[in-house]
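# Overview (structure and organization)
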Amino acid sequence: MDIKKLIAAAVAAVLGLVLLVVVVASDSDNECPAPATSGGGTAPAGSLVKPTKSGTTTLTSGFGPRWGTEHEGIDFAGDVGTPIYAFTDGRVIAAGPASGFGNWIIVDHQIDGKVYSTVYGHMFDDGVLVQVGDRVSAGQEIGRIGNAGDTTGAHLHFEVWDGGRLPDGVGTAVDPAPWVDQAIEPGQAPQTGEGDGEAPTSPGTGAAPGLAVYNARQLAIAKQAVAIGEAMGVSERGITVALATIGRESTFRMLASSVVPESLNYPHDGVGSDNKSVNQYQQQVGMWGTAQELMNPVTANAKFYQALLQVSGWESMPVTLAAQTVQASAHPEAYAPWEDAAHAMYSEFKGASKELTTDELSQISSAGRATAVAAGGILPDACPPAGGEHGPLAPGPFGQKVIEAASRWLGTEYAWGGGDVNGPTRGISDGGGAADAHGDTGKIGFDCSGLTLYAVYQASGGAISLPHFTGDHSNPGQLYDARGQDIPFDQKQPGDLIYFGSGGSTHHVGIYHGVTDGQDMLLNAPQSGDVVSIQPLSNWAGEEMYVRRFGDQPTERQPQ
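Description of the structure in this document. (Residues numbered from 1 in each chain as written. Predicted model: local features only at pLDDT ≥ 70, side-chain atom pairs only at ≥ 80, totals over all residues. Heavy atoms only, no water.)

### Let's talk about the nonpolar core
Rule in force here: Nonpolar cores are built from buried Ala, Val, Leu, Ile, Met, Phe, Trp, Tyr and Cys residues. Side-chain atoms within 4.5 Å join them into one set. Classification of residues uses two cut-offs on accessible area relative to the type maximum, computed with a 1.4 Å probe and protein chains only: under 20% is buried, over 50% is exposed, and between them is partly exposed. Every helix listed is a DSSP run of H or I at least four residues long, and every strand listed is a run of E at least two residues long, numbered separately from the N terminus.
One finds Leu-243, Phe-304 and Tyr-305 to be the most contacted residues of the largest nonpolar core, which totals 49 residues. For this core, the secondary-structure elements that each account for two or more residues are helix H3 (216-231), helix H4 (236-250), helix H5 (291-294), helix H6 (297-309), helix H7 (319-327) and helix H8 (339-349). The leading source of residues in this core is H3, at 7 residues. Core analysis: the next-biggest nonpolar cluster, separate from the first, contains 42 residues, Trp-104, Phe-398, Trp-409 and Tyr-499 among them.

### A short note on the packing of helix H10 (residues 398-407) against helix H12 (residues 448-459)
Our working rule: Simply put, an axis is a line fit to the C-alpha atoms, just over the touching stretch for a helix, and the angle between two N-to-C directions goes from 0 to 180 degrees. Each angle receives one of four descriptions, namely roughly parallel if under 35 degrees, roughly antiparallel if over 145, roughly perpendicular if within 65 to 115, and oblique otherwise. What makes a crossing left-handed is the near helix being turned counterclockwise from the far one by less than a right angle; a clockwise turn instead makes it right-handed. When checking whether two residues touch, look at their non-hydrogen atoms; a contact exists if any pair is within 4.5 Å. In this count, Pro and Cys sit with the nonpolar residues alongside Ala, Val, Leu, Ile, Met, Phe, Trp and Tyr, while Asp, Glu, Lys and Arg are called charged and the others, Gly among them, polar.
Direction vectors running N to C along H10 and H12 enclose 125 degrees, while the axes themselves pass 8 Å from each other. Considering the angle they form, H10 stands oblique to H12. The handedness of the crossing between H10 and H12 is right-handed. Contacts between H10 and H12 involve Phe-398, Lys-401, Val-402, Ala-405 and Ala-406 on the former and, on the latter, Leu-451, Tyr-454, Ala-455, Val-456, Gln-458 and Ala-459. Looking at side-chain class alone, the contact of H10 with H12 contains 9 nonpolar, 1 polar and 1 charged residues.

### Thoughts on unusual backbone geometry
Within the chain, Asn-279 stands out as a residue other than glycine whose phi angle is a positive 70 degrees. Examined against the element boundaries, Asn-279 turns out to sit in the loop between strand E16 (277-278) and strand E17 (283-284). Positive phi outside glycine occurs at Asp-517, with the angle close to 50 degrees. Looking at the element boundaries, Asp-517 is found in the loop between strand E24 (505-516) and strand E25 (519-524).

### Re the environment of Glu-544
Stated formally: Within 3.5 Å is the distance limit for a polar contact, defined as a pair of N or O atoms, with the added protein rule that one can donate a hydrogen and the other accept it, and that residues adjacent in sequence qualify only through two side-chain atoms.
With respect to the helices and strands, Glu-544 occurs in strand E27 (residues 544-549). Judged by its relative accessible area of 39%, Glu-544 is partly exposed. Taking the C-alpha atoms as reference points, Glu-544 and Gly-503, 41 residues apart in sequence, are found 7.8 Å from one another. Once residues lying within four places of it in the same chain are set aside, the contact partners of Glu-544 are Tyr-499, Phe-500, Gly-501, Ser-502, Gly-503 and Gly-504. Of note is the side chain of Glu-544, whose polar atom sits 3.4 Å from the backbone nitrogen of Gly-503.

### Re H12
Where we set the bar: Helices are assigned an expected span. That span is 1.5 Å times one less than the residue count.
In this model H12 runs 17 Å from its N-terminal to its C-terminal C-alpha over 12 residues, within 8% of the 16 Å that 1.5 Å per residue would give. With 11 of 12 residues buried, H12 lies mostly within the body of the structure. Within the sequence span of H12, burial applies to Cys-448, Ser-449, Gly-450, Leu-451, Thr-452, Leu-453, Tyr-454, Ala-455, Val-456, Gln-458 and Ala-459. Considering only its buried residues, H12 is in contact with H10, strand E23 (497-502), E24 and E25. Gly-461 occupies a position one or two residues after H12 and carries a positive phi of about 65 degrees.

Shown next as structure tokens:
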């Protein structure tokens, strides 16, 4: 498809434009966007969304004593397959089998400067729609009601934890009912804050309060879709269809795919694994075009609009049906929760194509490759993916700070040689080995020791800067650093570093995360082709394990 002809047909001023990217004004056109906060983002007032849509479920059990034990959540009975929505912005820290729950999803959030977790339980295997490390937005469909685990019928078990759910014992379960009562319906545009008299705003965007739940990058992607639609002569209804589709398919993110390694070489906000689907529309490579075409956010928009315009009678269809017809989704009902947000975004960004200046068009067209958008302008190739924040860590034991710092980057790509005290960096060549085979030199991320040196440096307030090497007899590295304390394996604590190898020489390191469902867990950057994640320590069974503790001694946790 010839993007030049499509754009020229509507806006003669952009003849010859190679890439059209909406640039949202900021103080610097070349800085990377500020990454999300620990836990996946701060939730402003008014951005809480009910975990199920009213009328689709019934509250059947409250919080507190039940059947001789404590019921740490509330239950919503509903049909199997009923959608479950993220309570607010956050990062998935658990997704899959869990004792008693069948399957669960745990999302960490930052609310009023504190860490909270929401827990969603009893889904069947195919009812878990997210993965560990995913960043989710308020109202995003993350699961479907099931009847797995210890349950007397199909329902959602929903919990809220002040201080976090994992590792076990770190936080305190609180009654979710008052939270749910003040939450909005899925798909409803977020309202302004109540109770404190302040309307929430998205950092640095100047967006309307109704869009405050979205970060600057998400809003830039939405604004880009509006501008390109207008430039192609698409009507308001068509642009609304596109926005609802982007919301459902990617929550307004540019996604690469682990199934399409080439896609990882282009700027992206996250990595999915749904067949060969990539970009903000989740268009399949091969069906919609090449990876290079589809990882160009402009081409992705233009291809969607072109396909929509070819659908007979699309303008008289419901927005959800029009989106489904283009996408051929297995779940047409899933677009409905995004329709209100799509209308709100169109109202906010209507006329965006007129904001592009000659200088901006010249700058963008000279880029010569697919370029992602960000609140600060064009995202440079060297920018790290969104993930962590370099602000202060929460008060607490040193080990807790190590875990918090590293957890900021869950889901970040592994890159051989990547990572320093400030965060992820571009990988380096390993001389033709696995890293080169996986294209690590073109990725921004961490390797195992890059992640641990970052976490310890951040936890120590910059006092401890470890070498970028695990350690062996020829190179002391981190393992033999004098600032580390040798800890017997059976006395390990969350936040301790565990090194793996044989005979005092090591090849891998991770952070002990604690016990989940009876299993010791390790937070680590595993290997090329993988991402920063929390995995069972048993994955390294048979290796010698060396435990080292840096920083101050952990203190006993007081009862919550």
